[in-house]
Amino acid sequence: VQLQAFGGGLVQAGGSRRLSCAASRSIFSFNTMAWYRQVPGKVRELVASISDGGDTNYADFVKGRFSISRDSAANTVNLQMSSIEPEDTAAYLCNAVWPGKGWDRYNAWGQGTQVTVSS
């Protein structure tokens, strides 16, 4: 499985940006797809996730500002970022989890797409 994240760039504080994650197979074949972010020297943190059933989950620091969704036509999982803050500056990575045999789970990571917020 290959994941490709894109859409990052330089954003002004208060602005919006949409990130997309394209998968090499149907996004509906995954148990969960998620966006994480990482800042150098800090732990990678979950931003938002969406299950195969469409249930969404958000980190407290993005609730009400970010929205995760699936685009079946484009086969992407998108992260709509609004009211962006300087603290949102990070590399954003997408992740997918899918089932293996029995209780096994596999996961894949895409490369990060950098979001830099100017104040």
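Our subject is the structure listed above.
For every chain, the first residue of the written sequence is number 1, and numbering continues from 1 onward in sequence order. The model is predicted, so local features are restricted to residues of pLDDT at least 70 and side-chain atom pairs to those at 80 or more, both for listing and for counting; the totals for chains, interfaces and linings are taken over all residues. The basis for every side-chain value is the complete set of heavy atoms in the structure, and neither hydrogens nor water enter the calculation.

### Quick look at the environment of Ala90
Part 1 of the argument: Only DSSP runs of H or I covering at least 4 residues are called helices, and only runs of E covering at least 2 are called strands; the numbering of each starts at the N terminus. Structurally, Ala90 can be placed in strand β9 (residues 90-99).
Part 2 of the argument: Here's how the labels work: a residue is buried when its accessible area is under 20% of the maximum for its type, exposed when over 50%, partly exposed in between, all with a 1.4 Å probe on protein chains only. Taking the relative accessible area as the measure of exposure, Ala90 reaches 3% and is therefore buried.
Part 3 of the argument: Spatially, the C-alpha atom of Ala90 lies 5.1 Å from that of Val39, the residues being 51 residues apart in sequence.
Part 4 of the argument: Note on contacts: a residue pair is in contact if any heavy atoms of the two residues lie within 4.5 Å. When residues no more than four places from it in sequence are discounted, the contact partners of Ala90 are Arg37, Gln38, Val39, Thr113, Gln114 and Val115.

### Some words on the pairing of strand β8 (residues 76-81)
The side chains of a regular strand alternate between both faces of the sheet.
Part 1 of the argument: Burial analysis of β8 places five of its six residues in the buried class, which makes it a mostly covered element.
Part 2 of the argument: Only strands joined by at least two bridges in the DSSP assignment are considered to pair. Examined bridge by bridge, strand β3 (residues 17-23) and β8 share six bridges and lie antiparallel to one another. In the strand pairing of β8, Arg17 is matched with Met81.
Part 3 of the argument: As judged from the six bridges shared by strand β7 (residues 66-71) and β8, these two strands associate in the antiparallel manner. Residue pairing in the sheet places Asp71 in a bridge with Thr76 of β8.
Part 4 of the argument: Linking two consecutive strands that pair antiparallel, namely β7 and β8, is a turn of four residues; a positive phi of about 55° is found at Asn75 within it.

### A look at the packing of aromatic side chains
Part 1 of the argument: When the centres of two rings from Phe, Tyr and Trp lie within 6.5 Å, Trp using its six-membered ring, the rings pair. Their planes under 30 degrees apart give stacked, over 60 give edge-to-face, and anything left gives tilted. In the structure shown here, the tally under the stated rule is three aromatic pairs.
Part 2 of the argument: Members of the aromatic cluster, each reached through a chain of ring pairs, are Phe30, Trp98 and Tyr106.

### Focus: the sheet that holds β7
Part 1 of the argument: Spatially, four strands are ordered β1-β3-β8-β7 in an open sheet, and the strand pairing comes out antiparallel. Here the strands that pair on one side only, and so sit at the sheet edges, are β1 (3-6) and β7. This sheet shows a mean twist of 15° between the axes of neighbouring strands, independent of strand direction. For every element, the axis is a line fit to its C-alpha atoms; helices are fit only across the contacting stretch, and the angle between N-to-C directions ranges from 0 to 180 degrees.

### What to know about the nonpolar core
Part 1 of the argument: Counting residues in each nonpolar core, the largest one holds 30 residues, and the members touching the most others are Met33, Trp35, Leu79 and Tyr92.
Part 2 of the argument: Not counting residues up to four positions away in its chain, the partners in contact with Leu79 are Arg17, Arg18, Leu19, Trp35, Val47, Ala48, Phe66, Ser67, Ile68 and Tyr92. What we call a nonpolar core is a set of buried Ala, Val, Leu, Ile, Met, Phe, Trp, Tyr and Cys residues that are connected through their side-chain atoms within 4.5 Å.

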